[in-house]
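Chains, contacts and geometry: an overview
Chain residues, written in single-letter form:
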Amino acid sequence: MAHNNHTHHLHGQDLPKVLQLLPNPCFALVEANNSHKFHFLKAWVSPLPQDQFLETQAGSVQVLLSSAIGPPITAQILHLLPSLKLIVTISAGLNHVDLAECRARGVAIASASKIFAEDVADVGVGLLLDVMRNISASDRFVRDGFWVSKGDFALGSKIGGKRVGIVGLGNIGLEVAKRLEAFGCSILYNSRKKKPFVSYPFFPDVCELAANSDVLVICCGLNAQTHHMINKKVLLALGREGVIVNVGRGAIIDEKEMVQCLVRGEIGGAGLDVFENEPHVPKELFALDNVVLSPHQAALTPECFTALRELVIGNLEAFFSNKPLLSQVENN
Ligand SMILES: O=CC(=O)O
């Protein structure tokens, strides 16, 4: 987009188009005060079925706004958008986007990973503390009147000195490491590649990492390589006292096996913000006091909304003026 004095005189139809497939509260937030700069094209407003709408109305669309809770951006959708050059996703995770198809079509991706990292890490550490110090379980104990009728509650474990294995040392994993270092934990990690900028011990094999950790914190993305990467063998290597925390995606863990391990006491506990089949959570977990559950909401705090809006609009402005994107994701 040429930035000149006439920009604000452009009619909606002449503005650069930004496609949205489904309504999303975060999109509305991004749109607020910016509808004079971009024409936000909303597939759901049309009476046409989505495919037909895309085929007839979105042929010239270059940018798609997407989110982790929105519809997956499949090869089929990409095929209906021949002019698409950029997907801006309001998420840290990218598993809802067909990355191979984007690569093949030369579609760039910009994410919100940097903005969400601190908030997701906070919840990861919160879940770890909760499981290990029985915070939610003690709260239930007190509310149910058991402090009076039964006396003391089961003791939790000390956090300081624990070995925390981080799976995925990206933006989120690094924030988790930073926080837990301050608690006196020792940090180990598994990642696709060894990171030259940290001195934490690197474990190329996730099973080895589990065997050497008191807690595993899952912070990686979901893809073909990480799907069910945390399988029964890894869980058994973590062991009876071991705790697992997941703030990545549910399907990185083989959920059925994890539930079995928890029910049989083969691992010590779990703190979970994500699940394989959200919003459905395996019912067996509801009965377990050593499990803390959270409804996949680690990423979003109202405090990050301003930064999110600036990042998305910054990416759109950069794209339409041929400048480097602010948060382009590597997709090789
Ligand atoms: O799950 C949330 C995200 O990917 O940002």
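Check the entry above for the structure.
In this text the structure is predicted, and so the values were computed from the model without any measurement.

The rules behind these values
Residues numbered from 1 in each chain as written. Predicted model: local features only at pLDDT ≥ 70, side-chain atom pairs only at ≥ 80, totals over all residues. Heavy atoms only, no water. Phe/Tyr/Trp six-rings, centres within 6.5 Å; stacked < 30°, edge-to-face > 60°. Helix = DSSP H or I, 4+ residues; strand = E, 2+ residues; numbered from the N terminus. Buried < 20%, exposed > 50% of the residue type's maximum accessible area, 1.4 Å probe, protein only. Lys NZ or Arg CZ within 6 Å of the ring centre and 35° of its normal. Near = heavy atom within 4 Å. Polar contact = N/O pair within 3.5 Å; in protein donor to acceptor, adjacent residues only side chain to side chain. Nonpolar A, V, L, I, M, F, W, Y, C, P; charged D, E, K, R; others polar. Contact = heavy atoms within 4.5 Å. Pairing = 2+ DSSP bridges. Right-handed = clockwise from strand over helix to strand, strands pointing away. Expected span 1.5 Å × (residues − 1). Axes fitted to C-alpha atoms, helices over the stretch in contact; angles between N-to-C directions. Parallel < 35°, antiparallel > 145°, perpendicular 65-115°, else oblique. Left-handed = near helix turned anticlockwise from the far one by under 90°. Patch = residues over 30% accessible without salt bridge, like charges linked within 9 Å, V, L, I, M, F, W, Y side chains within 5 Å. Areas by Shrake-Rupley, 256 points an atom, 1.4 Å probe, with all protein chains shown as cover. Salt bridge = Lys/Arg side-chain N within 4 Å of Asp/Glu carboxyl O.

1. Things to note about the packing of aromatic side chains
For any pair of aromatic rings, geometry is given as the distance between the ring centres together with the angle between the planes. Tallying each qualifying case throughout the model produces six aromatic pairs. A centroid spacing of 5.2 Å and a plane angle of 45 degrees characterise the contact between tyrosine 189 and phenylalanine 202, whose relative ring orientation is tilted. Of the two residues, tyrosine 189 is situated in strand β7 (residues 186-190) and phenylalanine 202 in the loop between β7 and α9 (206-211); the sequence distance between them amounts to 13 residues. Residue tyrosine 189 is classed as buried on the basis of its relative accessible area of 0%. With a relative accessible area of 22%, phenylalanine 202 lands in the partly exposed category. Geometry around phenylalanine 146 places lysine 150 over its ring, the cationic atom sitting 4.2 Å from the centre.

2. Focus: the site of the ligand
With respect to spatial proximity, the complete set of residues near the ligand consists of Ser91, Ala92, Gly93, Phe116, Arg249, His296 and Ala299. Contact distances for the ligand include 2.6 Å between an oxygen atom and a backbone N or O atom of alanine 92. Within the side chain of histidine 296, a nitrogen or oxygen atom sits 2.5 Å from an oxygen atom of the ligand. The residue inventory of the shell around the ligand, partitioned by class, reads three nonpolar, three polar and one charged.

3. Comments concerning the environment of cysteine 219
Along the chain, the position of cysteine 219 falls in the loop between β8 (215-218) and α10 (232-238). In sequence terms cysteine 219 and leucine 169 are 50 residues apart; their C-alpha atoms lie 7.1 Å from each other. If we skip the residues at most four places from it in the chain, cysteine 219 touches Ile166, Val167, Gly168, Ile172, Gly173, Val176 and Val247.

4. What to know about the pairing of strand β4 (residues 86-89)
Across the two faces of β4 the burial is the same, with Leu86 and Val88 and Ile87 and Thr89 all buried. Two elements, strand β3 (residues 63-66) and β4, share four bridges in a ladder whose sense is parallel. Across the sheet, residue leucine 65 finds its bridge partner in β4, namely valine 88. Pairing between β4 and strand β5 (residues 108-110): three bridges, direction parallel. When the sheet's bridge partners are listed, leucine 86 is paired in β5 with alanine 108. Viewed along the sheet, the connection from β4 through helix α4 (residues 99-105) into β5 turns out right-handed.

5. Some words on helix α8 (residues 171-182)
Given a rise of 1.5 Å per residue, twelve residues ought to cover 16 Å, and the 17 Å separating the end C-alpha atoms of α8 matches this to within 8%. Against the buried residues of α8 lie α5 (113-133), β6 (163-167), β7 and β8. A positive backbone phi angle near 85 degrees is found at glycine 184, which sits one or two residues after α8.

6. Focus on the packing of α5 against α8
Packed helix pairs are characterised by how far apart their axes lie and by the angle those axes make with each other. Their axes nearest at 8 Å, the elements α5 and α8 cross at an angle of 45 degrees. The orientation of α5 with respect to α8, classified from their angle, is oblique. For the crossing formed where α5 meets α8, the hand is right-handed. Seen from α5, the contacting residues are Ser113, Lys114, Ala117, Glu118, Val120, Ala121, Asp122, Val125 and Leu128; seen from α8, they are Asn171, Ile172, Glu175, Val176, Arg179 and Leu180. Classifying every residue of the contact of α5 with α8 by side-chain character gives eight nonpolar, two polar and five charged.

7. Looking at unusual backbone geometry
Here the amide bond leading from glutamate 278 into proline 279 is cis, since omega sits at 5 degrees, within 30 degrees of zero. Examined against the element boundaries, proline 279 turns out to sit in the loop between β10 (269-272) and β11 (291-293). At asparagine 134, a position not held by glycine, the phi torsion is positive, near 55 degrees. In this fold, asparagine 134 is placed in the loop between α5 and α6 (135-143). The residue histidine 228 is not glycine, and still its phi comes out positive at about 55 degrees. Looking at the secondary structure, you find histidine 228 in the loop between β8 and α10.

8. A few points about helix α12 (residues 305-320)
The end-to-end C-alpha distance of α12 is 23 Å, a good match for the 22 Å that 16 residues give at a rise of 1.5 Å each. Looking only at α12, the buried set comprises Leu308, Leu311, Val312, Ile313, Gly314, Asn315, Leu316, Ala318, Phe319 and Phe320. Positive backbone phi, approximately 55 degrees, marks asparagine 322, located one or two places after α12.

9. Quick word on the pairing of β3
Residues of β3 alternate between two faces, with Val63 and Leu65 on one and Leu64 and Ser66 on the opposite face, all of them buried. Note: strand β1 (residues 17-20) against β3, three bridges, orientation parallel. What sits directly across from valine 18, in β3, is valine 63.

10. Quick notes on a nonpolar patch on the surface
On the surface, Leu22, Trp44 and Val45 cluster together into a nonpolar patch covering about 280 Å² of accessible area. Topologically, leucine 22 is positioned in the loop between β1 and α1 (25-31). A relative accessible area of 42% means that leucine 22 is categorised as partly exposed.

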